[in-house]
Amino acid sequence: GDWVMVAGREGRVTDVDLGHLTILTRDDDLIMIPNNIVLQQDILNYNRPTTTHARSAVVGAAYDASPGEVYWVLTEAVKAVPGVLKEPLPRAFTSAFKDSSVEYRIKYWIDDYAKAPDIDGQVLSYIWNAFKRHNIEMPFPHRVVRVLKTEEALASVAKEREKIKKALGRMDFLSVLSPEELESLAEEATIRVYMPGEVVVHQGDEGSELFFILEGQAEVRVGKGPQSMLATLNPLQFFGEMSLLTGEARSATIVAQTSLEVLVLNKQNMSNLFNTNPLLVERMSAVLVKRQTELAAHQEQAARRDETKQEDRVHSLGDRIRKFFGLS
């Protein structure tokens, strides 16, 4: 039952007798190694003294990425991989300076060696997505090539742009935008992918981004422990609008439940719109306050607020948005 490396062969021990040690390889091949050879070889046992086993992966990042940021991105990504142990925590460090990149090594622990190749592959996938989200480049030898976009490539770009516009159009507080303003916002919005178990935002963190779910599901968690999960977010739902418009701290932790594709808007995207159309602040404030009022009424069955109080809240929220974006 033990996973071993002996005589240059790796596999799970299936039989030990007077003549041979038999192992089953990952390719489902049985190898019978004579005992006289086994006695002359080092035997690496992956199951003893414990099943905990360290693995590592090496990745390259551009020289303009700070090591501290790369360490954080690597460890956060790998912690979310199914099969990677929470204790000991993954550790990242710089291993070499290459011609076109800095080489980093991420070390992590598993307790099921049979799944090692699958976990290693997931680790690399999670790192790739995390680097892409944080704009950390994985350099490769550069060559100047002149590329002419084909009709298929142009059609693909147009299809994605239309997908973004439809998503933006489903956000009620953006309904006040003109078609031209919506088009402009669509050009600046980005799409990110999170793998299962990855944290999108942490409760209490400062933020200035909104997330609209295009594909997949996410969990809403408040606090810690088994009772922390409050709800599941599905496609066409969004979160983070108050952080986007006021810089308000995150009120909950959002974790990808499945592979999650989200549309992301940030403060700079909105700043460009507000600078050209300051009236948008009040119009968006009115929509947001209306939603908050309806939500409070539904959850708390509170008495309806009078129009004067609601108008005061519109102006108050408008003032917060203007202050956050530095508008007069």
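Residues numbered from 1 in each chain as written. Predicted model: local features only at pLDDT ≥ 70, side-chain atom pairs only at ≥ 80, totals over all residues. Heavy atoms only, no water.

With antiparallel pairing, the 3 strands of this open sheet are ordered in space as 6-8-7. The open sheet terminates on both sides in strands that have one partner only, identified here as strand 6 (53–61) and strand 7 (91–97). Across the sheet, the mean angle from the axis of one strand to that of its neighbour is 25°, orientation sign disregarded. Summarising the sheet, strand 7 and strand 8 (residues 102–110) pair through 6 bridges and their orientation is antiparallel. Within strand 8, the position partnered with A96 by the bridge is E103. Its contacts with the sheet put helix 2 (residues 67–79) on strand 6, strand 7 and strand 8, and the angle it makes with strand 8 is roughly 30°. (Pairing = 2+ DSSP bridges. Helix = DSSP H or I, 4+ residues; strand = E, 2+ residues; numbered from the N terminus. Axes fitted to C-alpha atoms, helices over the stretch in contact; angles between N-to-C directions. Contact = heavy atoms within 4.5 Å.)

Grouped together as the largest cluster of nonpolar side chains are 34 residues, with contacts concentrated most on L168, F173, L174 and M270. Looking at this core, the elements that each hand over two or more residues are helix 4 (151–169), helix 5 (179–188), strand 11 (209–215), helix 6 (241–246), strand 16 (260–266), helix 7 (267–276), helix 8 (280–300) and helix 9 (307–325). Counting residues per element, this core draws most heavily on helix 8, at 6 residues. Dropping the residues within four chain positions of it, L174 is found in contact with L168, L185, L265, M270 and M284. One finds V78, I106, Y113 and F131 within the second-largest nonpolar core, a separate group that totals 30 residues. (Core = buried A, V, L, I, M, F, W, Y, C linked by side-chain atoms within 4.5 Å. Buried < 20%, exposed > 50% of the residue type's maximum accessible area, 1.4 Å probe, protein only.)

Time to look at the confidence of the model for the chain. A residue-level look at the chain finds 92% of positions with pLDDT of 70 or above and a mean pLDDT of 87. Taking the mean pLDDT of every element in the chain, the minimum, 73, falls on helix 8 and the maximum, 97, on strand 8. (pLDDT = per-residue confidence, 0-100.)

All right, on to the sheet that holds strand 3 (residues 20–24) then. Pairing within the open sheet is antiparallel, and its 5 strands lie in the order 4-3-2-1-5. Two strands in the sheet have a free side with no partner beyond their single neighbour: strand 4 (30–34) and strand 5 (43–45). Going across the sheet, the axis of each strand differs from the next one's by a mean of 40°, ignoring polarity. One ladder, built from 3 bridges, connects strand 1 (residues 3–6) with strand 5; its direction is antiparallel. By the bridge assignment for strand 5, M5 is matched with L44.

Structurally, E198 is set in the loop between strand 9 (190–194) and strand 10 (199–201). Of note is the side chain of E198, whose polar atom sits 3.0 Å from the side chain of R133. Apart from residues no more than four positions distant in its own chain, E198 is found in contact with A77, A80, Y126, A130, R133, I254, V255 and A256. (Polar contact = N/O pair within 3.5 Å; in protein donor to acceptor, adjacent residues only side chain to side chain.)

Tallied over the entire structure, the rule returns 8 aromatic pairs. Relative to F97, the ring of Y63 lies with its centre 6.3 Å away and its plane at 20°, an arrangement referred to as stacked. Within this pair, whereas Y63 is found in the loop between strand 6 and helix 2, its partner F97 is found in strand 7, the two being separated by 34 residues in sequence. Taken together, a centroid distance of 5.3 Å and an interplanar angle of 85° make the contact between F324 and F325 edge-to-face. Among the residues examined, F325 registers a relative accessible area of 9% and is labelled buried. Put simply, the rings of W3, Y46 and Y113 pair up and form one aromatic cluster. The ring of W3 is capped by R26, whose NZ or CZ atom sits 4.4 Å from the centre of that ring. Here the basic side chain of K267 rests over the ring of F325, its NZ or CZ set 5.9 Å away from the ring centre. (Phe/Tyr/Trp six-rings, centres within 6.5 Å; stacked < 30°, edge-to-face > 60°. Lys NZ or Arg CZ within 6 Å of the ring centre and 35° of its normal.)

This part is about the pairing of strand 1. Regular strands place their side chains on alternate faces of the sheet. Alignment of strand 1 against strand 2 (residues 9–16), held across 4 bridges, turns out to be antiparallel. Bridge pairing links W3 to R12 in strand 2. Taken together, strand 1 and the strand that follows it, strand 2, pair antiparallel across an intervening segment of 2 residues, in which A7 is found at a positive phi of about 55°.

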